[in-house]
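Single-letter residue listing:
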Amino acid sequence: MEREQVCTMKFSMTLLVPFLLFLILPDGILSSDCPKDCSCSTPESILCFQRRSSSIPKGVPQFTKSLYLFANGIEGLTAKDFDGMENLEMLDLSQNKLTEIPDRVFEPLTSLRNLDLSSNQISHISEECFQGMALLERLYLYSNLIKTIHPAAFNGLENLLELKIQGNQLTSLPALSMPHLLLLDLRFNVLHTLGPSDLQTPNLESLKLGGVGLTSLDKELIGNLKNLHELDISGNQIESFPSVLKETQGLIHLSLAGNPMGPLKVQDLKKLGELQELDISSLSLQGLPEEFSQLFPHLRKLTVAENPFNCLCTLAWFPRWLRAQSITLERTEETRCHFPPINAGRVLERLEHRDFGCPTTTTVTTSTVKTSTTLPVPVTTLLSTTEAVQVPRASDEPTDQDDDFPLPPVPASPSTSSMDLGEDQHFCPSHTCLNGGVCRLDQHGQVECTCPKGTSGLYCEVLNHQPSPPEAAFPMATVIADTSDISSHEVTATSILVDLHHYIEMRPYIRGIRLTYRNLSGPDRRPIQLSLPASFPEYRLRGLKPNSTYTVCASPLGAPSGIDSVCTEAHTAPEIISSPDAQVTDPRLTTMLVPAVAILLLLVLIAIALGVVCYLRRKRAKGHLDLDCEPSQLELDGVKDGLDNGALPQKQPQIMIPEPAVQNGNLEYEVLLLQDHCTSNNNMSSHKPSYF
């Protein structure tokens, strides 16, 4: 009876196993329907990844719609490989070893819409490679070795939406007549010119021409693309902002990176207000105008990496704007400051407002009435003309409402580059301009040189045939003002103290002072400019030449050079060179030497007295008495004897702080002069001082 039940159970299991497998497998697919070494997760999709076979797998079901054969090692294709795949819509043959595409090889795939042949070794596209593929919508041929494409290779692909041919070796492009094409990627080929006849794609939305060697952007070509939303012309040789982009509207994504087009101008970007993503990396930008923040109200991603930014006050708005508008700065770690040295190498987005060296601004308000006062107009006389300059009113002072606290002033020193804290920036690297040129930053933060008469060039490096004498190259303004506004005092042979108290009191409206000085006694008479806050009533000029005459001028920071400028002459003392026989006459040296000599004599007398006392006690004891000399003295005698015998110490003893030592406020130890130099002999072997 039991035997019959067992047999019945075995028979039942035999019938149930196929049924259970049919239920367990997704959508009822049996493992026998899936090609060897492939995965069939759904009845319409087959994945054959790294199958390590040189041919297409056999036994693909007729109802399959997606076949993924990437990285299989396939070396060749034939039309018979695709027999019975009339329903296939997606074929991925990327990352294989294909070197050519036979004519009409995909003709059996009458329903194919997506074909990926990227990352193979294909070198030529023939006329009939893609014949019979009227429904094809996406064709990917990127990252191959394609050098030539037959002019009629894409004929018949009228429904194509995306064509990607980037990363090949093309030097020419067949005329593309594709009325429905939306995306065309031609990056990293060699296509120096592209005209309207090359792209007959009126509905194109995305055009990528990065790194193809363009020197200009054809105006008619871009003008015909009325539906263009994305344009990438990065990595080309375009030397100026393309004029066609000044009139183009509707762009959402734009990349200008890596072109030698120089600084961007606000007027060039006014028609690009719909941009959501902008890449202006590697354009040698030293700054961005603050008007930039008003041009792109819809911007969400910005890339400005690999630019040598001058992180000065003119750029302080940038990080704050990014945070306020929630704009993502791409390649943040590659967006760093180049200048000034204090900010060099720092990530631009992480700088605080105070890091840009902006001046401290103070806003005075009352609860009832806000008033402003117009100050008298100072009149200055230049070398050839006399003009009146309107002084800024107190109510025109800019304020920074986003800061919670005022910023500290930034002191200047002769060893650093000059910095203008006002609108007219002069914070330039030292010795940037040659032959007496004056370095300054324009409104866009770019370094430029104002060259004197007789010189020219970007850095005033070219001397003309009749250069002006050095004195004429730097005319100082003749000022109709009280010369007592500034004064100077000799301090040392290399420094002068400039008194600016009266100058600041007479000009309460200024935000800072531009201090200019130059040596009239030496061959190098180039002026040196410093920028001081208005809170510096005195300033010491250091590093000057001895026995020289200097012209020192002060003018309001931000005003044109020479306007409201007051000058004075200052002299440095001769350098005193003492001979070997000269007597010391400096009272400070006398003050230091007398106590030192007195202390030395006192120590000598104490040592002699202690020596006499020890000698008398030793003589009186004539052996080991109750008192012996200090252990340290005995140890010194032992060391002396060892050295006399030719023995060298093998290891230095541990340094221990004696008990009477006291600690001062500088975390150092001072040893008291008066100590017990003799200790009682208690016959202990250790002579270490006791701390208990």
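Now for a look at the structure at hand. Throughout, a residue's number is its position along its own chain's written sequence, starting from 1. Only residues with pLDDT of at least 70 get local features here, since the model is predicted, and only at 80 or more are side-chain atom pairs given and counted; chain-wide, interface and lining totals rely on the full set of residues. Processing note: side-chain calculations cover all non-hydrogen atoms of the structure and skip hydrogens and water entirely.

Starting at the N terminus, helices and strands are each numbered in turn, a helix being any DSSP run of H or I of at least four residues and a strand any DSSP run of E of at least two. In terms of helices and strands, the protein chain carries seven helices and 37 strands. Accessible area is worked out with a 1.4 Å probe on protein chains only. A residue is then buried under 20% of its type maximum, exposed over 50%, and partly exposed in between. Counting only residues that meet the buried cut, the protein chain has 37% of its 692 residues in that class. What makes two residues a contact is simply this: any of their non-hydrogen atoms within 4.5 Å. Considering only intrachain contacts with a sequence separation of at least 6, the fraction spanning at least 24 residues in the protein chain is 49%. Working definition of accessibility: Shrake-Rupley area with a 1.4 Å probe, residue cover restricted to the visible protein chains. Of the roughly 40,500 Å² of accessible surface on the protein chain, a fraction of 54% belongs to carbon and sulfur atoms.

The next point concerns the sheet that holds strand 30 (residues 528–533). The strand order 30-29-32-33 describes an open sheet built from four strands, whose pairing is antiparallel. Here the strands that pair on one side only, and so sit at the sheet edges, are strand 30 and strand 33 (566–571). For this sheet, the mean inter-axis angle between neighbouring strands, taken without regard to orientation, is 25°. Two strands qualify as a pair provided DSSP detects at least 2 bridges between them. One ladder, built from six bridges, connects strand 29 (residues 512–519) with strand 30; its direction is antiparallel. Bridge pairing links Ile-513 to Leu-532 in strand 30. Lines fitted to C-alpha atoms define the axes, with helix axes restricted to the stretch in contact, and inter-axis angles between N-to-C directions lie between 0 and 180 degrees.

Let us look at the state of the cysteines. Pairs of cysteine sulfur atoms within 2.5 Å are identified as disulfides in what follows. Scanning the entire structure with this criterion turns up five disulfides. There is a disulfide in this structure between Cys-38 and Cys-48, and the S-S distance comes to 1.9 Å. Around the S-S axis, the bridge from Cys-38 to Cys-48 shows a dihedral of about 105° and counts as right-handed. Taken together, the residues Cys-38 in the loop between helix 1 (2–24) and strand 1 (39–42) and Cys-48 in the loop between strand 2 (45–47) and strand 3 (66–68) connect sequence positions ten residues apart. In this structure Cys-48 comes out as buried when scored by relative accessible area, which is 0%. There is a disulfide in this structure between Cys-311 and Cys-337, and the S-S distance comes to 1.9 Å. Every disulfide takes its handedness from the sign of the S-S torsion; for Cys-311 and Cys-337 that torsion is -95°, giving left-handed. Residue Cys-311 is located in the loop between strand 18 (309–310) and helix 3 (317–324), and its partner Cys-337 is located in strand 20 (residues 337–339); the two are separated by 26 residues in the primary sequence.

Now for a nonpolar patch on the surface. The patches reported here contain residues having more than 30% relative accessible area and no salt bridge. Joining distances are 9 Å for like charges and 5 Å for nonpolar side chains (Val, Leu, Ile, Met, Phe, Trp, Tyr). When a carboxyl oxygen of Asp or Glu is within 4 Å of a side-chain nitrogen of Lys or Arg, the pair counts as a salt bridge. There is a patch of nonpolar side chains on the surface, built from Leu-600, Val-604, Leu-605, Ile-608, Val-612, Tyr-615 and Leu-616 and spanning about 700 Å² of accessible area. Structurally, Ile-608 is set in helix 6 (residues 587–621).

Moving on to the nonpolar core. By convention a nonpolar core is built from buried Ala, Val, Leu, Ile, Met, Phe, Trp, Tyr and Cys residues, the set being connected through side-chain atoms within 4.5 Å. Counting residues in hydrophobic clusters, the biggest one holds 101 residues, and the most contacted among them are Leu-91, Phe-106, Phe-130, Phe-154, Leu-302 and Phe-318. Counting residues in each nonpolar core, the second largest holds 21 residues, with Tyr-509, Ile-513, Leu-544 and Ala-554 among its members.

So, about the pairing of strand 33. Here strand 33 shows a buried face lined by Val-566, Thr-568 and Ala-570 and an unburied face lined by Cys-567, Glu-569 and His-571. Pairing geometry for strand 32 (residues 549–556) and strand 33, over six bridges, is antiparallel. Bridge pairing links Cys-553 to Cys-567 in strand 33.

This brings us to the sheet that holds strand 27 (residues 487–492). Reading across the sheet, the three strands line up as 27-28-31 and stay open at both edges, with antiparallel pairing between neighbours. The sheet is open, and its two borders are formed by strand 27 and strand 31 (538–541), each paired with just one other strand. The average angle at which neighbouring strand axes cross in this sheet is 25°, direction not considered. Where strand 28 (residues 495–499) lies against strand 31, four bridges are found, and the strand directions are antiparallel. Paired with Leu-497 across the two strands is Arg-540, which belongs to strand 31.

All right, on to helix 3 then. Those residues of helix 3 that sit buried are Trp-317, Phe-318, Pro-319, Trp-321 and Leu-322. At the exit of helix 3 stands Ser-326, carrying a positive phi of roughly 55°.

What follows deals with the side chain of Lys-208. Among the structural elements, Lys-208 can be located in strand 13 (residues 206–208). Despite its burial, Lys-208 pairs with no opposite charge; the closest candidate is Glu-230, at 4.0 Å N-O. When near neighbours in sequence (up to four residues on either side) are disregarded, Lys-208 contacts Leu-184, Asp-185, Leu-186, Arg-187, Glu-230 and Asp-232. Counted charges follow a simple rule, with Lys and Arg positive, Asp and Glu negative, and His plus the chain ends left uncounted.

Quick look at the packing of aromatic side chains now. Stacked, tilted and edge-to-face pairs are distinguished by plane angle, under 30 degrees for stacked and over 60 for edge-to-face with tilted covering the rest, among Phe, Tyr and Trp rings (Trp via its six-membered ring) whose centres lie within 6.5 Å. Overall, the coordinates contain nine aromatic pairs when judged by the stated rule. Note on Phe-130 and Phe-154: the rings are 6.4 Å apart at their centroids and 15° apart in plane angle, and the pair reads as stacked. With Phe-130 in the loop between strand 6 (124–125) and strand 7 (138–140) and Phe-154 in the loop between strand 8 (148–149) and strand 9 (162–164), the pair connects residues that are 24 residues apart, well separated along the chain. Here Phe-130 matches Phe-154 in class, with each residue buried.

The next subject is unusual backbone geometry. Between Phe-339 and the following residue, Pro-340, the backbone shows a cis peptide bond with an omega angle of 0°. Structurally, Pro-340 is set in the loop between strand 20 and strand 21 (379–381). The phi dihedral of Ser-119 falls on the positive side, at around 60°, and the residue is not glycine. With respect to the element layout, Ser-119 can be found in the loop between strand 5 (114–116) and strand 6. For Ser-119, a relative accessible area of 30% translates into the label partly exposed. The phi angle at Phe-188 is positive, at roughly 60°, despite the residue not being glycine.

Honestly, it's all geometry; don't read function into it.
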